[in-house]
Amino acid sequence: MKKWLTTALAATLLASVVTIVPTTAIPTTTVEAAGVQNTTIIVKAGEVYDGKGARFIAGSALGDGSQKEGQKPIFRVENGGTLKNVVLGYPAADGVHTYGNATLENIVWEDIGEDAMTIKESGTVTLKGGSATNGDDKMFQINAASTFKVSNFKGSKAGKFIRQLGGSTFKVNVTIDNCDISDMKEAIFRTDSSTSTVKMTNTRYHNVGTKFIGVKNITESGNTSY
Ligand code: ADA
Ligand code: CA
Ligand code: CA
């Protein structure tokens, strides 16, 4: 079709649409907020933050989710805080940071950033439900003596499911129960600390490299390799 004809036709069509659409039909639908965060959301001590399934992504002020260190988290959970029902989309910068005791429930990392979650200060961190996938290196990074309990969680496609800060000798107790862990380039848990422990139970795993690297205290029962 000749261009002038197309243009004429388009104009006619447009005119007819314009004339038949009553003014009340002016679109009123608003696009849902994308949840782009340029500042870290702080879950204060003792507070419960329920995202009700909303998706959050990092703005450039937090980071690009690459392997560059020093990016900021989308969420910071302080001592006694609970974060639940949130989705972290791409890019997720440095994910979630915890300070002290923290509960993380039903968190979905759709595309892990530099890492998914970091224990920044000592405490017991309980991660229940949810999933994480697509990380270049670490999924969970442990930077302080702590207890990390993961259950009913699905982790896939990363370097390590859990990594205690390289070269650190503090004690970390890891428990993994009822999880599904697959496609890790290196390990499920890697540590350089001779006092750190892992107890893995009722967990299915597939293609995880060397299950545990550097861990001297290992307890396992009811696990299945598939
Ligand atoms: C690496 C890095 C640490 C720290 C850590 C993290 O292990 O060497 O300095 O940045 O990652 O918390 O992501
Ligand atoms: Ca890192
Ligand atoms: Ca990090």
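Residues numbered from 1 in each chain as written. Chains lettered and ligands numbered in written order. Predicted model: local features only at pLDDT ≥ 70, side-chain atom pairs only at ≥ 80, totals over all residues.

**Concerning the overall build of the protein**
And step 1. Counting its regular elements, the protein contains 1 helix and 19 strands.
And step 2. Out of the 226 residues belonging to the protein, those deemed buried represent 35%.
And step 3. Counting only contacts in the protein whose residues sit at least 6 apart along the sequence, the fraction spanning at least 24 positions is 46%. (Helix = DSSP H or I, 4+ residues; strand = E, 2+ residues; numbered from the N terminus. Buried ≥ 20, exposed ≤ 12 C-beta atoms within 10 Å, placed from the backbone. Contact = placed C-beta atoms within 7 Å.)

**Here we look at the confidence of the model for the protein**
And step 1. Summarising the model, the protein shows a mean pLDDT of 90, and 85% of its residues fall at 70 or more.
And step 2. Low pLDDT (under 50) marks residues 1-22, which in the prediction has 1 contact with non-local residues, meaning those over four places away or in another chain.
And step 3. Throughout residues 27-33 the model reports pLDDT below 50, and contacts reaching past four residues in sequence, or to other chains, amount to 0 contacts. (pLDDT = per-residue confidence, 0-100.)

**Focus: the environment of Asn143**
And step 1. Residue placement: Asn143 occurs in the loop between β10 (138-142) and β11 (146-151).
And step 2. Taking the number of C-beta atoms within 10 Å as the measure of exposure, Asn143 has 18 and is therefore partly exposed.
And step 3. Between the alpha carbons of Asn143 and Phe170 there is a distance of 9.1 Å; along the sequence they are 27 residues apart.
And step 4. Sequence-distant contacts of Asn143, defined by excluding residues within four places in its chain, comprise Thr118, Ile119, Lys120 and Leu165.

**Comments concerning the nonpolar core**
And step 1. Among the nonpolar cores identified, the biggest contains 49 residues, and Phe148, Phe161, Ile162, Ile188 and Phe189 are the most heavily contacted of them.
And step 2. Take this core: its biggest share by element is 5 residues, from strand β14 (residues 180-190).
And step 3. Not counting the four nearest positions on each side in its chain, Ile162 is found in contact with Met139, Phe140, Ile142, Phe148, Val174, Ile188 and Phe189. (Core = buried A, V, L, I, M, F, W, Y, C linked by C-beta atoms within 7 Å.)

**What about the environment of Met117?**
And step 1. Here Met117 is to be found in strand β8 (residues 117-121).
And step 2. It is 4.5 Å that separates the C-alpha atoms of Met117 and Val96, two residues lying 21 residues apart in sequence.
And step 3. Among all residues touching Met117, those that are not within four sequence positions of it are Gly95, Val96, Thr98 and Phe140.

**Details of the site of ligand 1**
And step 1. With respect to spatial proximity, the complete set of residues near ligand 1 consists of Glu69, Glu114, Asp115, Thr118, Gln141, Asn143, Leu165 and Gly166.
And step 2. Residues of the shell around ligand 1, tallied by class, amount to 1 nonpolar, 4 polar and 3 charged. (Near = placed C-beta within 6 Å. Nonpolar A, V, L, I, M, F, W, Y, C, P; charged D, E, K, R; others polar.)

**So, the pairing of β14**
And step 1. The pairing of strand β12 (residues 154-164) with β14 spans 7 bridges and is classified as parallel. Looking at the pairing, Gly155 lines up with Ile181 of β14.
And step 2. Two strands pair when backbone bridges link them, and β14 and strand β17 (residues 210-213) are joined in this way by 3 bridges, in the parallel orientation. Directly across from Phe189, in β17, lies its bridge partner Phe212. (Pairing = 2+ DSSP bridges.)

**Re unusual backbone geometry**
And step 1. Cis geometry is found at the peptide bond from Tyr90 to Pro91, where omega equals -5°.
And step 2. Looking at the element boundaries, Pro91 is found in the loop between β5 (81-88) and β6 (96-99).

**As for the environment of Arg55**
And step 1. With respect to the secondary-structure elements, Arg55 resides in strand β3 (residues 48-58).
And step 2. Judged by C-beta crowding, with 16 C-beta atoms within 10 Å, Arg55 ranks as partly exposed.
And step 3. Distance from Arg55 to Glu110, taken between C-alpha atoms, is 9.5 Å for residues 55 residues apart in sequence.
And step 4. Sequence-distant contacts of Arg55, that is, excluding residues within four places in its chain, are made with Gly35, Val87 and Gly89.

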